[in-house]
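# A closer look at the structure
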Amino acid sequence: MSQIEVRELSKEFRYAVKEPGLKGAVKHLFTQQYRDKLAVDRINLTIEQGEAVAYVGPNGAGKSTTIKMLTGILVPSAGTVRVNGLDPHKDRIENAKKIGAVFGQRTQLWWDIPVAESFALIKDIYEIPDLEYKRNMEIFTELLDLNDYIHLSGRKLSLGQRMRADLAAALLHNPEIVYLDEPTIGLDVAVKERIRRFIKHINQENKTTIMLTTHDLGDIEDLCKRLVIIDKGRIIYDGTLQAVKDAFARERVLHVQVKEPAPVLLEAIERLPGANLSEETRNGLLNGGKQLSIAFDRFRISAGDVAGAIMKVAEIVDFRIDEPSVEQIIRRVYEGELDLASAGKGA
Ligand SMILES: Nc1ncnc2c1ncn2[C@@H]1O[C@H](COP(=O)(O)OP(=O)(O)OP(=O)(O)O)[C@@H](O)[C@H]1O
Ligand SMILES: [Mg+2]
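Residues numbered from 1 in each chain as written. Chains lettered and ligands numbered in written order. Predicted model: local features only at pLDDT ≥ 70, side-chain atom pairs only at ≥ 80, totals over all residues. Heavy atoms only, no water.

## A short note on the environment of His255
Topologically, His255 is positioned in strand β10 (residues 251-258). With 52 residues separating them along the chain, His255 and Ala307 place their C-alpha atoms 9.9 Å apart. With sequence-adjacent residues up to four places away left out, His255 is seen in contact with Leu292, Ser293, Asp318, Phe319, Arg320 and Asp322. Here Ser293 takes part through its side chain, which lies 2.9 Å from a polar atom of the side chain of His255. A distance of 3.0 Å separates polar atoms of two side chains, one belonging to His255 and the other to Asp322. (Helix = DSSP H or I, 4+ residues; strand = E, 2+ residues; numbered from the N terminus. Contact = heavy atoms within 4.5 Å. Polar contact = N/O pair within 3.5 Å; in protein donor to acceptor, adjacent residues only side chain to side chain.)

## Considerations on the site of ligand 1
Of all residues adjacent to ligand 1, which total 13 residues, the nearest are Asn59, Gly60, Lys63, Thr65 and His215. Here Gly62 contributes a backbone N or O atom positioned 2.9 Å from an oxygen atom of ligand 1. For ligand 1, whose unbound accessible area comes to 640 Å², protein coverage reaches 65%. Contributions of two or more residues to the shell around ligand 1 are made by β2 (33-47) and α2 (63-71). Looking at which element gives the most residues to the shell around ligand 1, the answer is α2, with 3 residues. (Near = heavy atom within 4 Å. Areas by Shrake-Rupley, 256 points an atom, 1.4 Å probe, with all protein chains shown as cover.)

## Quick notes on the sheet that holds β2
A sheet is described by the order of its strands in space; here 3 strands give the open sequence β2-β1-β4, paired in antiparallel fashion. Two strands close off the open sheet at either side, each with one partner strand: β2 and β4 (78-83). Across the sheet, the axes of successive neighbouring strands diverge by a mean angle of 30 degrees, strand direction being ignored. Sheet topology note: the strand β1 (residues 4-17)/β4 ladder contains 5 bridges and is antiparallel. Within the sheet, the bridge partner assigned to Ile4 lies in β4 and is Val83. On the sheet, α2 packs against β1, β2 and β4 and is oriented at approximately 115 degrees with respect to β1. (Pairing = 2+ DSSP bridges. Axes fitted to C-alpha atoms, helices over the stretch in contact; angles between N-to-C directions.)

Encoded structure:
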C-alpha cells in the first residue's frame, strides 16, 4: 500500500450568494440563494514514502483544498483519501501524529507567547522524547537561524522569521509526511533559499515525504522530481518535471557577438535546419551589426553546430545560450499553449 492514496476525490463548496446593498441584505434574510463550486474534481493521486511532489496550478485551481483534505481539515464531498491507511478526517488525531503542515498564508504558532514556548508546547502535545527534541532543535537552529527570533512572540516575527518558525514547529515531531502550502510566499531570495535547502535536507536525510504547492517554481526545481499540475480542480499532468522540461524546453536561443560585421552570416545561418534569426538580428546583420540572436530547436540541431557554422565565416568574441525557465514552460502549460499529451505522460 502506498503512503498516500487518493481516489476520485472531489470537494464541492456551497456558498451563499447575496445581492449587493441593503435590498440584497434584506432579501438575503428570506430567500437564501446558493451556488456550488466544484473546487476539486475527481482527482487520483498515489504518493510513496520519501517522494517530493510539487503540486502546482494557477490561482483557484484547487491546490489548498486538496491539501486540506489530505491533512484532514476538510471533509471530501466524494471519493476517498488514505494516508498511512487512515482516513485523515475521521482519524484526525492519529493522522496528526504522523504529519506536519505549513500554510504560508497563516501561522500555526501561538500569537502571544515566545516561539521557544510554542515549541515547548508542541513537544508536550506530541510527546516528543527529550533527545529527539534536542537533536531537532539543534538542527533547526542551524538551518533556520532560530536563535535570531526564538525569544520573540508570534506576533512580533517578520514574515520570513514566522515562516521559518512555522516550518520548525511543523517538523519538531519528525512527521513522516509534510504538506507545505506556499512555504516561501512573500519571502526575500535569501530566506527562500534557506527554506528550500531546509526542505531538501528533511526530504533527503529523514526520507520525509514532501507535498509542496507554490507559485515560485524555483522552489521545486532542485527538490521535486515529480510534478503534478492541477487546473480547475482536475489533474492535467502527473509525471516527472524532467519529462515536461524535455518535451517543452526544446527551444534555445544562442546570443553571439562577432568581432567584425559579417553580412555573410545571414546566409550561413539561414541554411541551418531548425535555426531561425530574429527580425532584429536580420536587420542588424544587413546594417553592419555584430550581435546575433539565433533561436534553434535543440532536437534538430546542436548549439555546437550553430556556433560552428558561425565560426566558419566570423570570429566569435562572446556568446550566451538561453533556455526557457521551468517558470515559463509551466506558465505556457497553464495557458493551454503547450499540449501535455506530447509530454508523454499526461494524466
Ligand atoms: N470555503 C470555501 N467556500 C467556497 N469556495 C471556496 C472555499 N474554499 C475555496 N473555495 C473555492 O475553491 C476554488 C479552489 O480554491 P483553492 O484555495 O483550493 O485554490 P488554490 O489552488 O489553492 O489557489 P491559490 O493558488 O490562489 O492559493 C476556488 O475557486 C475558491 O474560491
Ligand atoms: Mg492555495
